[in-house]
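Close look at the chain arrangement
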Amino acid sequence: MTHDEAAQHLHIRPGGPADAPAILDMLDSAVAWMNARGNTQQWGTVPYSQTSGGVERVERYTTRNTPYVAELDGTTVGALVLDTGPSPQMPIAPAGEPERYVRLLISDRGHAGLGIGAALLAHAAEETRQAGVNLLRVDCWAGGGGELVAYYERNGFARTDPFLSGTWPGQVLARRLA
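Attention in this report is confined to the structure presented alongside it. Small disclaimer: the values here were computed from a predicted structure and weren't measured. (Residues numbered from 1 in each chain as written. Predicted model: local features only at pLDDT ≥ 70, side-chain atom pairs only at ≥ 80, totals over all residues. Heavy atoms only, no water.)

The secondary structure content of the protein chain amounts to five helices and seven strands. For the protein chain, whose C-alpha radius of gyration is 15 Å, the value lies close to the compact-globule estimate of 16 Å for 178 residues. C-alpha atoms of the protein chain, sized along the principal axes, occupy 40 × 35 × 30 Å. Residues counted as buried form 43% of the 178 residues belonging to the protein chain. Expressed as a percentage of contacts within the protein chain between residues at least 6 apart in sequence, the contacts between residues at least 24 apart total 62%. In the form shown here, the protein chain has an accessible surface area of approximately 8,900 Å², with 50% of it arising from carbon and sulfur atoms. (Helix = DSSP H or I, 4+ residues; strand = E, 2+ residues; numbered from the N terminus. Rg over C-alpha atoms; globule rule 2.2 N^0.38 Å. Buried < 20%, exposed > 50% of the residue type's maximum accessible area, 1.4 Å probe, protein only. Contact = heavy atoms within 4.5 Å. Areas by Shrake-Rupley, 256 points an atom, 1.4 Å probe, with all protein chains shown as cover.)

What follows covers the side chain of Glu 99. As for its position among the elements, Glu 99 is in the loop between strand S3 (75-83) and strand S4 (100-107). Residue classification places Glu 99 among the buried residues on the basis of a relative accessible area of 3%. There is a polar contact of 3.1 Å between the side chain of Glu 99 and the backbone nitrogen of Ala 95. Setting aside chain neighbours within four positions, we find Glu 99 in contact with Asp 83, Thr 84, Gly 85, Pro 86, Pro 94, Val 133, Leu 135 and Arg 137. (Polar contact = N/O pair within 3.5 Å; in protein donor to acceptor, adjacent residues only side chain to side chain.)

Now for the pattern of salt bridges. Side-chain pairs of opposite charge can arise whenever the charged atoms involved come near each other. All chains considered together, the criterion is met by seven salt bridges. Two residues, Arg 103 and Asp 83, come together in a salt bridge whose shortest N-O distance is 2.4 Å. Of the two residues, Arg 103 is situated in strand S4 and Asp 83 in strand S3; the sequence distance between them amounts to 20 residues. Looking at Asp 83, the relative accessible area reads 18%, which means it is buried. Across the pair Arg 159 and Glu 153 runs a salt bridge, and its minimum N-O distance is 2.7 Å. Given the relative accessible area of 32%, Glu 153 is considered partly exposed. Connected via shared salt-bridge partners are Arg 13, Asp 19 and Glu 71. (Salt bridge = Lys/Arg side-chain N within 4 Å of Asp/Glu carboxyl O.)

Everything listed is a geometric property; what it means functionally is a separate question.
Below you can see the structure in the form of structure tokens.
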């Protein structure tokens, strides 16, 4: 399937607790994919579903936050979780104005390159606009040559504040929607 064909068939819907297993599967696959590429720093080497608090975090994402799920021909291929601010566990200051914050963006590695993440980020921007909010932010891993930071920049975000969570290098990015 090409990028354009996927865009025509992609359906984004509100998520919920029933989506937690599929999200965990995508997270576990992402860890394995990163590790196979030599990236053990971003999310470590333990499958996400087996990390301390991993299952509980995904359950919170699907019950206390605002999850969205991308489906392609009825199969879950991505997820995005919005919140009203950054994780309290991260050393990131609130924006000081109303914001929406991407707490999780994940796509199925088996469907990589089809624009699923970009479609979910566009959906997040539209949901943010519809809520009357002009600021959408995200944070991500800034290591590994900055590929993930560059991905968000290609999707309309601009770098704001770098940070360290222990020894983990992070970058906050923002997108103005007004």
